[in-house]
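Topology and contacts: notes
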Amino acid sequence: MAEIIQERVEDRLPELQQLERTGLFSQMEIRAIIRKALELEYRIQRRSLLKDDFIRYVQYEIHLLELIEKRRTRVGYTFKKDEIEDPIIHRIQSVFRRASIKWKDDVQLWLSFIAFCRKWAAKVHLSKIFSSLLAIHSNKPGLWILAAKWELEDCLSSESARQLFLRALRFHPRCPKLYEEYFRMELMHAEKLRKEKQEFEKANMDVGSLEHAEEVLTGELARIIYKNAISVIKSAKFHVSLLSVAQLFDFAKDLQREIYNDLKALHTDDPLTWDYVARQELVIQSQPGEELPATKQAKAKEVGRREERCCAVYEEAVKTVPTEAMWKCYMNFCMERFTKKTSSRLLRKKRLERTMAAFRKAHELKLLPELQYRQLSTLLLHRQLLKESLEVADAGVKLFRKSVEMWQVKLEALISSESHEMAKGFDQAFAYLKPQMCLPLWLTWAQWSEDAGKQEETEGIYKRAIFRLSGADSVPVKEKYLNWAYRSGGYKKARDVFKSLQENRPFSVDFFRKMIQFEKEQESCKMENLREYYERALREFGTDDSDLWMDYIKEELNHPLGRPENCGQLYWRAMKMLQGEAVEQFMAKHALHQAGRL
């Protein structure tokens, strides 16, 4: 093995000598490259091969190539690339080839190989690489598309791209993405031929040598692909994707009309069809004889007319296809238009009226999902339309009484509208919802009461919440309660709350840490109180929280009234109580602290 590695390193000498002669690298840098090369070669020549070693080898060589390129730019030397860069490129390709044979299933490795060849002008090998890749991973449509795009865009070979797509469709006859990209490729090819013909005609050159049939120039091949595709894949979504591709090409107007008419004929009962048809009313351009609106007011009127045409289509759609999916499309459109900014007050008013009218109809039929009730209510609330927001939220909670998110939206609307029925609203929510689901509502109620400055009511809410919530759900409320007590009544109030809750398990570490922090903020910080808080915290979390023990030890060392002689006892208590990895963590932190590094 050593002889092989020595030979491979010696093969590098000509290029390294050229790097030194040309002044791109110094003698010390050349020696460093040789040392690194020896290390990398040993790694990829041993018996037990690792993929990471090959990746490191390739990354080092690529970084070397990039450094040579930067040095050439800086020095202004552009010669002898065939003697310097080419051997490095061939070596990288060789390593990539070995790795891709060894780890055939790693698609990312293949893609890295392809990306390298494309960047460093090694395109001659790409055709073979793609052939090998597709032979192994023929079950991945994305790789077929990648290969076809390379043939079309880099090699300018539409015939090779076409053959790849046809082969891919034999493996994946029902893959929408393959049909879509094949359809796009034929339209791009037709557009390219049309531009070539136009350039020849502009230059008064003979176009007879082009020999392209009129059907090819008009996109007839793309039409054949489209017909085959819709006969295999009967989906409105796929149909719309093909139409979106066709609309990118101005010469394919006839094909666009055909696809559009087929969409309406073949997928009449699909909400996506109606949604697409309705939205087309927004983008329909003015007729050649019509004047374009000049003023802002005229533009707003034109937008309003277009939106009315869209809504007319949606109204017809919900009668033809009266499903939740169709109403969802209609409401999404209304909300999208409602969120659009406009300076026209009349247009804003019309959008609101249309949105609320559509919502009321859908609500009567009970054909809206919960998410849209929440979205619409929140949207109206942000626009300060409190009455409408509350109307939507009320309607939502009547249908989805078991949803905490829906009640949350309603209560937020009540808070914003400064309603006098806040307490009644919360009580209604708690009556319908299970106690373990109500944590967000209790926190919202407590925050509202605190913001309103109602101290007694706020404390009552926190106490009720802790009583009603069980287990881990009560922990955030206890933390909030302690914080509120300190903000509203100072340290004495916080200590009273702490004492009242100290036996009301479960707790969080933060609950105790907050109380410790409150004590430290006092002018006369009492060490006795700190010990009490730490001892109570360790009673709950002393088996797994090494930081708590370390903080207690530091407190005894740093506090003016601390007892450093207690630290040894605390250390042994910690060693006995802590379990698992927490013991090792504590020992490491304690050692660092004693060494003065923590």
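Per an unreviewed UniProt entry, the chain goes by UTP6 small subunit processome component and derives from Capra hircus. You can read under Subcellular location (unreviewed entry) in the UniProt record for the chain the words "Nucleus, Nucleolus".

Topic: empty space enclosed by the protein
Considering all chains together, one arrives at three cavities of 30 Å³ or more under this definition. Considered as a void within the structure, the largest cavity measures approximately 50 Å³ in volume. E307, C311, F333, C334, R337, F338, R351, R354 and T355 are the residues that line the largest cavity. Broken down by secondary-structure element, the contributors of at least two residues to the lining of the largest cavity are α16 (296-320), α17 (324-339) and α18 (345-365). Take the lining of the largest cavity: its biggest share by element is four residues, from α17. Along the lines of polarity and charge, the residues of the lining of the largest cavity split into four nonpolar, one polar and four charged. The space that makes up the second largest cavity amounts to roughly 40 Å³.

Focus: unusual backbone geometry
Cis geometry marks the peptide bond from R505 to P506; its omega dihedral reads 0°. Turning to its location among the elements, P506 is positioned in the loop between α25 (475-501) and α26 (509-520). You will see that K80, though not glycine, has its phi angle at about 60°, which is positive. Position of K80 among the secondary structure elements: in the loop between α4 (51-75) and α5 (81-102). Taking relative accessible area as the criterion, K80 reaches 33% and is therefore assigned partly exposed. Positive phi, close to 55°, is recorded for K366, a residue that is not glycine. Its place among the elements puts K366 in the loop between α18 and α19 (370-382).

Some remarks on the pattern of salt bridges
Going through the model one piece at a time under the given rule, you end up with 55 salt bridges. A salt bridge links R279 to E336; the nearest nitrogen and oxygen atoms lie 2.9 Å apart. Remark: E336 occurs in helix α17 and R279 occurs in helix α15 (residues 271-283); sequence separation between them is 57 residues. When its relative accessible area of 38% is taken as the criterion, E336 is described as partly exposed. The partner of E281 in a salt bridge is R309, and the shortest N-O contact between them spans 3.2 Å. Here E281 is found in helix α15, whereas its partner R309 is found in helix α16, with 28 residues between them in sequence. Judged by relative accessible area, R309 falls into the partly exposed class, the value being 33%. Through salt bridges that share partners, R8, R12, E15, E41, E61 and R91 make up one connected network.

Here we look at helix α29 (residues 567-577)
Among all positions of α29, only C567, L570, Y571 and A574 are buried. Seen from one end, α29 has its buried residues packed into an arc of 105°, which puts them on one side. Residues of α29 that are exposed and point more than 90 degrees away from the buried face comprise Q569, W572 and K576.

As for the layout of surface pockets
Estimated volume of the largest pocket: approximately 420 Å³. Around the largest pocket, the lining is made up of ten residues, and of these Q247, K253, Q256, Q280 and I284 lie nearest the centre. Breaking the lining of the largest pocket down by element, the ones donating at least two residues are α14 (253-266) and α15. Among the elements that make up the lining of the largest pocket, the one with the highest residue count is α14 (four residues). Class assignment for the residues of the lining of the largest pocket results in four nonpolar, four polar and two charged.

Brief notes about the packing of aromatic side chains
Following the criterion strictly, the structure yields 34 aromatic pairs and no others. Seen in terms of ring centroids, Y179 and F238 are 6.5 Å apart; in terms of plane orientation they differ by 70°. Their pairing is edge-to-face. Here Y179 is found in helix α10 (residues 176-202), whereas its partner F238 is found in helix α13 (residues 236-246), with 59 residues between them in sequence. Judged by its relative accessible area of 8%, Y179 falls in the buried class. For F238, a relative accessible area of 5% puts it in the buried group. Ring geometry for F498 against F512: centres 6.0 Å apart, planes inclined by 80°, an arrangement best described as edge-to-face.

Procedures and definitions
Per chain, the residues get numbers from 1 upward, laid out in the order the sequence is written. Predicted model: local features are reported for residues with pLDDT of at least 70 only, side-chain atom pairs are reported and counted for 80 or more only, and whole-chain, interface and lining totals are derived from all residues. For side-chain calculations, the full set of non-hydrogen atoms in the structure is used, while hydrogens and water are omitted. UniProt positions are given in the numbering used here, feature names are shortened, and annotations may be inferred rather than shown by experiment. Only protein atoms enter the 1 Å grid used here, on which a cavity is any set of points holding a 1.4 Å probe that cannot leave and a pocket is any open set flanked by protein within 12 Å on both sides along at least five of seven lines; residues with an atom within 4 Å of a point are listed as lining. Grid points are joined across faces, edges and corners, and a volume is the space filled by probe spheres set on the points. The numbering of helices and of strands both runs from the N terminus, where a helix is a DSSP run of H or I of at least 4 residues and a strand a run of E of at least 2. For this classification, Asp, Glu, Lys and Arg are treated as charged, while Ala, Val, Leu, Ile, Met, Phe, Trp, Tyr, Cys and Pro are nonpolar and the rest, including Gly, are polar. Per-residue accessibility, obtained with a 1.4 Å probe over protein chains only, is compared with the maximum for each type, and a residue is labelled buried under 20%, exposed over 50%, and partly exposed between these values. Any Lys or Arg side-chain nitrogen found within 4 Å of a carboxyl oxygen on Asp or Glu counts as a salt bridge. The arc in question is traced by the directions running from the helix axis to the C-beta atoms. Aromatic contacts are taken between Phe, Tyr and Trp rings whose centres are within 6.5 Å, Trp giving its six-membered ring; a plane angle under 30 degrees counts as stacked, one over 60 as edge-to-face, and the others as tilted.

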